Amino acid sequence: MPAPDFVLAPRWVVPVSPGGVLEGHAVAVSGARIEALLPAEQAKHQYPGATWVELPGHALLPGLVNAHTHAAMALMRGLADDLPLMRWLREHIWPAEAAHVCHEFVRDGTLLAAAEMLRGGVTCMNDMYFFPAAAAEAALAAGMRAALGIIVIDFPTAYASDPQDYLTKGLAMRDALRHEPLLSFCMAPHAPYTVSNGSFERIAVLAEQLGLPVHMHVHETATEVAEHTARYGVRPVERLRALGLVGPGLVSVHSVHLEEREIALFAKETCHVVHCPSSNLKLASGFAPVTALLDAGVNVALGTDGAASNNRLDLWEEMRTAALLAKATSGRADALPAARALEMATLGGARALGLDGHIGSIEPGKQADLVAVNLDAPELSPCFDPLSHLVYAAGRQHVTHVWVAGRARVANGALLDMDPDPLRAAALRWQGQLAPHGHPPP
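Residues numbered from 1 in each chain as written. Predicted model: local features only at pLDDT ≥ 70, side-chain atom pairs only at ≥ 80, totals over all residues. Heavy atoms only, no water.

Here we look at the overall build of the protein
Broken down by element type, the protein carries 16 helices and 17 strands. For the protein, the C-alpha radius of gyration of 21 Å lies close to 22 Å, the compact-globule estimate for 442 residues. For the protein, with 442 residues in total, the buried portion stands at 60%. Here the analysis covers contacts within the protein between residues at least 6 apart in sequence; of these, 72% occur between residues at least 24 apart. As displayed, the protein has an accessible area near 16,500 Å², and 54% of this comes from carbon and sulfur atoms. A gap of 1 Å separates the mean positions of the 32 positive and 45 negative side-chain charges of the protein. (Helix = DSSP H or I, 4+ residues; strand = E, 2+ residues; numbered from the N terminus. Rg over C-alpha atoms; globule rule 2.2 N^0.38 Å. Buried < 20%, exposed > 50% of the residue type's maximum accessible area, 1.4 Å probe, protein only. Contact = heavy atoms within 4.5 Å. Areas by Shrake-Rupley, 256 points an atom, 1.4 Å probe, with all protein chains shown as cover. Lys, Arg positive; Asp, Glu negative; His and termini not counted. Charge placed at Lys NZ, Arg CZ, Asp CG, Glu CD.)

Here it is in structure tokens:
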């Protein structure tokens, strides 16, 4: 049998699907794919000439999937903090975007975000922002997997003049890049309060024709829901249902203010929800009904949102926060156990993006998007349960190695093929331009 390109030999393998933890196992990688997951002793006999990568004290798990972010907004980190959502948007973020967002801004910001995410074990991001071709350019330069949003919003920006212009440019981007193996695509209407019925109807048709998910902010704040209901006579989810957008392709982001009947509808229609706990907390948007969604059988993924509303693109923090919030809001210590939180950050995100046949778990034939986490650090010792440690104790600082499609992107905690100095220089250039749009601390 031909030798694989390399064999990873950690102390523990956490495949996610099936669940549990395997000790004394190895993962063989050939090209971009996982060739085998097998006992280490068997691998030594089966692949006698293979290159071995020893990872003592490490857990090997699938790459994390950031199922909702605005990557380029890494350049706005800390620009306007401690404000409610609509004031934050209207007084600071939207004016800053109107003045400065362009192809170069999105490329530079997405590169900065990709560096942060890769170092933290995130191998795939679901991005919604203007100039998605620039985000694609950055993702490919970083060697990171990305689902790119074909964004639509019913007001003009530097990127597009009207809904049809957004669609035309987004679809042209998809057509030009559809054969890139690290890229996939979503329809990405911003939110019910910024997109008209006519635009939604066109998006529903395109999503069906092209087989694309529909990635959208839904029911993020109580104010948003109340204003929408006053304007349209129905809550946003009901309007989306009437327009044909509530179905297996819906990736409903935030979903904080859902009623029982809306949760039941999401379950019936096999929709997906992306939970962004840190962003919801920081913007005082509320507590998403995650326990009720999971109990109903809805697939729930995890996202960071943008660095402007979270300040970190850190899925380890989102896992821990999601698990703790679910326990506190439900009054049940077992509401969201560690294994389920890790699944939300990996396979749950892959399912939402329609990529679960390719990523999200360590299984032969899937893409070799893999992360090694050192659980041998003093602050993580002793380790009784690797799954518990990954969610409740470890952080992105414990990520040592990252592979995307079988290619090393981080080794011994350092980025490969990405020089951090130009990233910092670009960030400083943009800081000078964005500073006037900031919000002084109270």
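Here's the deal with the pairing of strand β16 (residues 407-411)
Note: strand β15 (residues 399-404) against β16, 3 bridges, orientation antiparallel. From the neighbouring strand, V402 faces β16, where its bridge partner is V410. Here β15 folds back onto β16 in antiparallel fashion, the turn holding 2 residues, of which A405 has a positive phi close to 50 degrees. The pairing of β16 with strand β17 (residues 414-415) spans 2 bridges and is antiparallel. Paired with A411 across the two strands is A414, which belongs to β17. The turn linking β16 back onto β17 is made up of 2 residues, and N412 within it adopts a positive phi angle of 50 degrees. (Pairing = 2+ DSSP bridges.)

Structural notes on the nonpolar core
Counting 130 residues, the largest nonpolar core has M76, W88, F105 and L342 as the members making the most contacts within it. Take this core: its biggest share by element is 9 residues, from helix α3 (residues 103-119). Each residue touching W88, except ones within four places of it in the same chain, is listed here: M73, A80, L83, I93, L283, A308 and S309. (Core = buried A, V, L, I, M, F, W, Y, C linked by side-chain atoms within 4.5 Å.)

Some words on the packing of aromatic side chains
Enumeration according to the criterion identifies 6 aromatic pairs in this entry. Ring centres of F131 and Y159 lie 5.0 Å apart, and the angle between their planes is 55 degrees; this geometry places the pair in the tilted category. Of this pair, F131 sits in the loop between β7 (122-127) and α4 (132-142) while Y159 sits in the loop between β8 (145-152) and α5 (163-177), and the two are 28 residues apart along the sequence. For the pair F131 and Y159, a shared accessibility class is recorded, and that class is buried. It is K169 that lies over the ring of Y159; its NZ or CZ is 5.7 Å from the centre. Directly above the aromatic system of Y232 lies the positively charged group of R239, at a separation of 3.9 Å from the ring centroid. (Phe/Tyr/Trp six-rings, centres within 6.5 Å; stacked < 30°, edge-to-face > 60°. Lys NZ or Arg CZ within 6 Å of the ring centre and 35° of its normal.)

As for the pairing of strand β12 (residues 272-275)
Burial of β12 is two-sided: the residues H272 and V274 facing one way and the residues V273 and H275 facing the other way are all buried. Bridge count between β12 and strand β13 (residues 299-302): 4 bridges; the pairing is parallel. Note that in β13 the partner of H275 across the bridge is L302.

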